[in-house]
Amino acid sequence: MAAISIRHLGKIYPGDVKVIEDLNLEIEDKEFIILVGPSGCGKSTTLRMIAGLEEITSGEMYIGDRLVNDVAPKDRDIAMVFQNYALYPHMTVYKNMAFGLTLRKVDKDEIDRKVHEAAKVLDIEHLLNRKPKALSGGQRQRVALGRAMVRNPAVFLLDEPLSNLDAKLRTQMRSEIIKLHKHLQTTFVYVTHDQTEAMTMGDRIVVMKDGFIQQVDTPQNLYTSPCNLFVAGFIGSPQMNLIEATLEKKGDGYLVSFGNYHIPVPQGKIDGAKQDVAQFVGKTVVLGVRPEDFHSEGVFLEMSPESCVDVNIDLAELMGAEVYLYGECSGNKLIVRAPARVQAETGSVMKLAIDLNKMHLFDKESERIIFN
């Protein structure tokens with residue numbers, strides 16, 4: 001069993017610098033979990049405390065059923081892959097991969113079997129006699145993964161392992177690591193600040209900010225049901241449009257008003273709200289609309305004229321199959337994701353309809369979700 005249980009974890013550096021405060025997290029056996037957040041949020045520190053490379057100030061850390069607070073890193077049955085690969089430059093790929101097993105005085109035949117097995121899975125058998133300086137970034141990363149694999153650890157810890165690679169190679173290595181996780185059937189804990197990596201790789205994502213966990217959920221749920229403004233703005237590329245507005249009551253229904261626009265709230269949103277909507281009437285709220293939930297053509301414009309807004313287009317950025325439109329509406333900067341066929345000239349005004357069933361509303365004061 002390689003489940004990880006983190007209970008009331010705290011980390012304070014000298015000078016009373018609190019990096020992590022009361023962090024609780026349960027990671028299931030064989031799960032691929034991602035820690036994501038902006039620089040300085042505490043994700044790498046959390047990973048290093050799991051590894052035993054950082055001393056725990058308070059709380060408890062369990063790997064399986066064993067309390068590991070005072071267990072040395074080498075005795076935790078974990079393997080860590082770093083951002084900079086940390087390969088020995090004077091050793092061949094084979095010796096780099098075998099090094100940990102050699103230190104443990106594992107039988108030579110067993111070492112040879114494990115190194116070749118890992119090299120075959122990672123498609124680096126033909127590189128075993130080369131030294132790191134003769135390898136590309138992607139090949140070095142595979143060697144680093146292979147060195148961790150041969151130890152057959154219960155837990156893999158990966159600290160921003162792809163950040164030194166170019167965009168194309170990053171995409172390729174993402175799929176390689178996902179395949180590796182399926183092949184090895186072990187627990188993966190992966191740290192990144194790149195939310196695209198997080199969305200495409202993890203079974204669950206832990207979103208962190210200032211040493212606190214904001215939300216733990218599947219990628220899909222984080223995207224469709226963010227619990228607060230930070231998660232809504234952080235997850236998604238381009239990020240969610242956030243528009244300051246006022247909530248108004250009209251008859252039996254509600255309107256979200258900004259500028260000259262009064263956007264009706266579907267009854268289904270009210271019925272499924274996380275908080276009592278009535279308490280926010282007359283207060284400043286934040287309307288959240290994903291870039292793809294603005295529509296410039298078709299049924300939305302015809303069927304829901306009350307959800308239409310006029311957007312002044314500042315820039316159209318063609319991305320191949322789609323176009324990103326950057327504009328402004330009633331003082332609010334907006335990003336719209338539209339099909340490439342949509343024609344929009346800089347300086348023009350476009351009528352766009354908001355998909356009311358996809359709108360989000362947040363309390364500006366507490367930043368918590370009112371409804372998704």
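Residues numbered from 1 in each chain as written. Predicted model: local features only at pLDDT ≥ 70, side-chain atom pairs only at ≥ 80, totals over all residues. Heavy atoms only, no water.

## Details of the sheet that holds strand β3 (residues 32-36)
Here comes step 1: Ordered in space as β6-β7-β8-β3-β9-β10, the 6 strands form an open sheet in which the pairing is mixed. Two strands lie at the open edges of the sheet, namely β6 (78-81) and β10 (212-217), each paired on one side alone. On average, each strand axis in the sheet is inclined to that of its neighbour by 15°, with strand direction left out of account.
Here comes step 2: Two elements, β3 and strand β9 (residues 204-209), share 4 bridges in a ladder whose sense is parallel. Across the sheet, leucine 35 pairs through a bridge with valine 206, a residue of β9.
Here comes step 3: Helix α5 (residues 167-184) contacts β3, β7 (155-159) and β8 (187-192) of the sheet and is inclined by roughly 160° relative to β8. (Pairing = 2+ DSSP bridges. Helix = DSSP H or I, 4+ residues; strand = E, 2+ residues; numbered from the N terminus. Axes fitted to C-alpha atoms, helices over the stretch in contact; angles between N-to-C directions. Contact = heavy atoms within 4.5 Å.)

## Structural notes on the environment of aspartate 310
Here comes step 1: By secondary structure assignment, the location of aspartate 310 is in strand β16 (residues 308-318).
Here comes step 2: On the basis of relative accessible area, aspartate 310 is assigned to the partly exposed category, the value being 31%.
Here comes step 3: Excluding residues within four positions of it along the chain, aspartate 310 makes contact with Tyr261, Glu328, Cys329, Val349, Met350 and Lys351.
Here comes step 4: A polar atom in the side chain of aspartate 310 sits 3.4 Å from the side chain of lysine 351. (Buried < 20%, exposed > 50% of the residue type's maximum accessible area, 1.4 Å probe, protein only. Polar contact = N/O pair within 3.5 Å; in protein donor to acceptor, adjacent residues only side chain to side chain.)

## Here we look at α5
Here comes step 1: The end-to-end C-alpha separation of α5 is 26 Å, in line with the 26 Å expected for 18 residues at 1.5 Å each.
Here comes step 2: When we look at burial in α5, the residues that qualify are Leu169, Met173, Arg174, Ile177, Leu180 and His181. Angular distribution of buried residues about the axis of α5 spans 145°; they occupy a single face of the element. Projecting away from the buried face of α5 at angles above 90 degrees are the exposed residues Lys168, Lys179 and Lys182.
Here comes step 3: Where α5 is buried, its residues touch β3, α3 (108-122), α4 (137-149), β7, β8 and α6 (195-201).
Here comes step 4: Structurally, the start of α5 carries an N-cap: the backbone nitrogen of lysine 168 is 3.2 Å from a side-chain oxygen of aspartate 166.
Here comes step 5: After α5 finishes, the residue glutamine 185 shows a positive phi value of roughly 55°. (Expected span 1.5 Å × (residues − 1). Arc of directions from axis to C-beta.)

## Some remarks on the environment of leucine 35
Here comes step 1: Note on placement: leucine 35 falls in strand β3.
Here comes step 2: Linking leucine 35 and aspartate 252, residues 217 residues apart in sequence, is a C-alpha distance of 43 Å.
Here comes step 3: With residues near it in sequence (within four places) discarded, leucine 35 still touches Leu25, Lys43, Thr46, Val189, Tyr190, Val191, Thr192 and Val206.

## What about the sheet that holds strand β1 (residues 4-13)?
Here comes step 1: Overall, antiparallel pairing links the 4 strands, which are arranged β2-β1-β4-β5 in an open sheet. Since the sheet does not close on itself, it has two edges, and those belong to β2 (17-27) and β5 (66-67), each with one partner.
Here comes step 2: Pairing geometry for β1 and strand β4 (residues 58-63), over 5 bridges, is antiparallel. Bridge assignment links isoleucine 4 to a residue of β4, and that residue is isoleucine 63.
Here comes step 3: Docked against the sheet, helix α1 (residues 43-51) engages β1, β2 and β4, running at close to 115° with respect to β1.

## Examining the pairing of β7
Here comes step 1: Where burial is concerned, most of β7 is hidden: 5 out of the 5 residues are buried.
Here comes step 2: Residues Val155, Leu157 and Asp159 of β7 are buried on one face, and the alternating residues Phe156 and Leu158, pointing to the opposite face, are buried as well.
Here comes step 3: Alignment of β6 against β7, held across 4 bridges, turns out to be parallel. Pairing of alanine 79 across the sheet is with phenylalanine 156, part of β7.
Here comes step 4: As a crossover connection, the stretch from β7 through α5 into β8 is right-handed. (Right-handed = clockwise from strand over helix to strand, strands pointing away.)

## Concerning the nonpolar core
Nonpolar side chains tend toward joint burial in soluble globular proteins.
Here comes step 1: Ranked by size, the top nonpolar core spans 46 residues in total, and within it Ile34, Met97, Leu145, Leu158, Ile177, Tyr190 and Val207 carry the most contacts.
Here comes step 2: Not counting the four nearest positions on each side in its chain, valine 207 is found in contact with Val36, Phe212, Ile213, Gln214, Gln215, Leu222, Phe230, Val231 and Ile235. (Core = buried A, V, L, I, M, F, W, Y, C linked by side-chain atoms within 4.5 Å.)

## So, the pairing of β3
Here comes step 1: Counting buried residues along β3, 5 of its 5 residues qualify, which places the element largely inside the surrounding structure.
Here comes step 2: Alternating residues of β3 divide into Phe32, Ile34 and Val36 and Ile33 and Leu35, and every residue in both groups is buried.
Here comes step 3: As judged from the 5 bridges shared by β3 and β8, these two strands associate in the parallel manner. Note on β8: the bridge partner recorded for valine 36 is threonine 192.

## As for the packing of aromatic side chains
Here comes step 1: Considering all chains together, one arrives at 6 aromatic pairs under this definition.
Here comes step 2: For the ring pair phenylalanine 230 and phenylalanine 234, a centre distance of 5.6 Å and an interplane angle of 20° mean the geometry is stacked. Taken together, the positions of phenylalanine 230 and phenylalanine 234, both in helix α8 (residues 229-234) and 4 residues apart, correspond to about one turn of that helix.
Here comes step 3: Take phenylalanine 230: its relative accessible area is 17%, and that puts it in the buried class.
Here comes step 4: Taking the relative accessible area as the measure of exposure, phenylalanine 234 reaches 17% and is therefore buried.
Here comes step 5: Between phenylalanine 258 and tyrosine 261 the ring centres are 5.7 Å apart and the planes differ by 45°, which places this aromatic pair in the tilted class.
Here comes step 6: Judged by its relative accessible area of 5%, phenylalanine 258 falls in the buried class.
Here comes step 7: Among the aromatic residues, those joined into a cluster by ring pairs are Phe32, Phe156, Phe188 and Tyr190. (Phe/Tyr/Trp six-rings, centres within 6.5 Å; stacked < 30°, edge-to-face > 60°.)

## Focus: the state of the cysteines
Here comes step 1: Enumeration according to the criterion identifies 0 disulfides in this entry.
Here comes step 2: Not engaged in a disulfide, the cysteine cysteine 308 finds its nearest cysteine sulfur in cysteine 329; these two sulfurs lie 11 Å apart.
Here comes step 3: Given the relative accessible area of 10%, cysteine 308 is considered buried.
Here comes step 4: Here cysteine 329 falls in the buried class, since its relative accessible area comes to 1%. (Disulfide = S-S within 2.5 Å.)

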